[in-house]
Amino acid sequence: RALLSRPAAALRPLRGLAAGPEMHFGFQSVTEEERREKIYQVFESVAKKYDVMNDSMTLGIHRVWKDILMHKMNPSPGTLLLDVAGGTGDIAFRFINYVRSVRERQLQRKLKHHQNLSWQEIFESYQKDKFNSLGDSQVVVCDINREMLKVGKQKAQHLGYSEGLSWVLGNAEELPFDDDKFDVYTIAFGIRNVTRIDLALQEAYRVLKPGGRFLCLEFSRVSNPLLSRLYDLYSFQVIPVLGEVIAGDWRSYQYLVESIRQFPPQEELKAMIEDAGFFKVDYENLNFGIVAIHSGFKL
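Because the structure is predicted, anything quoted here is derived from the model rather than measured. (Residues numbered from 1 in each chain as written. Predicted model: local features only at pLDDT ≥ 70, side-chain atom pairs only at ≥ 80, totals over all residues. Heavy atoms only, no water.)

Caption draft 1: The arrangement of the nonpolar core in detail. In terms of nonpolar packing, the biggest core is built from 35 residues, with Trp65, Phe95, Val139, Leu165, Leu217, Phe219 and Val291 touching the most fellow members. Among the elements of the structure, helix H3 (61-73), helix H4 (90-112), strand S4 (138-143), helix H6 (146-159), strand S5 (165-169), strand S6 (182-188), strand S7 (208-219) and strand S9 (291-297) are those that each provide at least two residues to this core. A total of eight residues in this core trace back to one element, the largest contributor, which is H4. If sequence neighbours within four positions are ignored, leucine 165 has contacts with Ala92, Phe93, Ile96, Val139, Val141 and Ala156. One finds Val207, Leu208, Phe263 and Ala276 within the second-largest nonpolar core, a separate group that totals 28 residues. (Core = buried A, V, L, I, M, F, W, Y, C linked by side-chain atoms within 4.5 Å. Buried < 20%, exposed > 50% of the residue type's maximum accessible area, 1.4 Å probe, protein only. Helix = DSSP H or I, 4+ residues; strand = E, 2+ residues; numbered from the N terminus. Contact = heavy atoms within 4.5 Å.)

Caption draft 2: Examining the environment of leucine 242 more closely. Tracing the backbone through its elements, the reader meets leucine 242 in helix H9 (residues 239-247). In this structure leucine 242 comes out as partly exposed when scored by relative accessible area, which is 22%. For the pair leucine 242 and serine 56, spaced 186 residues apart in the sequence, the C-alpha separation amounts to 7.5 Å. Not counting residues within four places of it along the chain, the set of residues in contact with leucine 242 comprises Met53, Ser56, Met57, Tyr234 and Ala247.

Caption draft 3: Spotlight on the environment of lysine 181. In this structure, lysine 181 sits in the loop between S5 and S6. On a C-alpha basis, the gap between lysine 181 and leucine 208 in space is 5.6 Å, while along the polypeptide they are 27 residues apart.

Caption draft 4: Structural context of the packing of aromatic side chains. Inspection of the entire model under this criterion finds nine aromatic pairs. Ring centres 6.2 Å apart and planes at 50 degrees place the aromatic pair tryptophan 65 and phenylalanine 189 in the tilted group. Highlighted residues: tryptophan 65 in helix H3 and phenylalanine 189 in the loop between S6 and helix H7 (197-207), separated in sequence by 124 residues. Of the two residues, tryptophan 65 and phenylalanine 189, neither departs from the other in class, the shared state being buried. (Phe/Tyr/Trp six-rings, centres within 6.5 Å; stacked < 30°, edge-to-face > 60°.)

Caption draft 5: Quick peek at the pairing of S7. Counting buried residues along S7, nine of its 12 residues qualify, which places the element largely inside the surrounding structure. Two elements, S6 and S7, share six bridges in a ladder whose sense is parallel. When the sheet's bridge partners are listed, isoleucine 187 is paired in S7 with cysteine 216. In this region the chain leaves S6, passes through H7 and returns to the parallel neighbour S7; the handedness of that crossover is right-handed. (Pairing = 2+ DSSP bridges. Right-handed = clockwise from strand over helix to strand, strands pointing away.)

Caption draft 6: Highlighting the confidence of the model for the chain. Looking at the chain, the pLDDT average stands at 86 and 84% of residues meet or exceed 70. Considering only residues more than four positions removed or in separate chains, one finds that residues 7-19, a stretch of pLDDT under 50, has 32 contacts. (pLDDT = per-residue confidence, 0-100.)

Caption draft 7: A look at the packing of helix H2 (residues 50-58) against H3. Two elements in contact, H2 and H3, have axes whose closest approach is 7 Å; the angle formed by their N-to-C orientations is 100 degrees. In terms of orientation, H2 and H3 fall into the roughly perpendicular class. Residues Asn54, Asp55 and Thr58 of H2 form the contact with H3, whose own contacting residues are Ile61, His62, Arg63, Trp65 and Lys66. Of the residues contributing to the contact of H2 with H3, the split by class is two nonpolar, three polar and three charged. (Axes fitted to C-alpha atoms, helices over the stretch in contact; angles between N-to-C directions. Parallel < 35°, antiparallel > 145°, perpendicular 65-115°, else oblique. Nonpolar A, V, L, I, M, F, W, Y, C, P; charged D, E, K, R; others polar.)

Here's what the structure looks like:
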């Protein structure tokens, strides 16, 4: 709760923005306010089938991409993570599992180095650390969409996640947190749905502590021409059909495919991250650039 020092901004206008200039919503031209509203409606519509559709669209590979993101982060116990646009909890749950695993290995090493401890001392030490399995780590999931957060909370309850996890309704373009609060900021498959990417990047920089890390996992630009053509064929001919069959929603998945094509390629996004103030910005392409992980540091 101490993290929520600024008033929530999810449902109020951004810093004097009115309708704004024309922007893209997929391949349509809309005003800034129209885009914001349409994207909200898309994720309100797909929330309940979001995880099933992710598995169907990517043949389950999105799970591997998210695992790679977590290993790249390599969080240690005590890490404070802000996961933006993470409503269904995929990154948050992986973070908790990863930190618990690190804590368990630390405890085992600790006990091995104290061979002269009695059974009672070993038991008490194990029990003490067991009840603090995250080592004061915490993940805050922030999402603008109530339905996505609702789905994430239901998943957390079903899977037994509660320790070190909180859910906040908030806008990536005006986060409801004070400056210099978080060790790591992640946004996975969310930044292309932000209306003003520049504002979201500025906010990421603002809420990170000095030395904090920015990590973005997002669909990107395929470099191989043949693979790019096959990918386009699959995206435009198969994914909307899957959306209709599985979620009863052709239009939302048509938008999601189009939004990937409108998103800045790797080098352009890298430049935008640098413009927001981040240093040591780089990216790693996965599966020939179908997705990319961008990384940067606040120094």
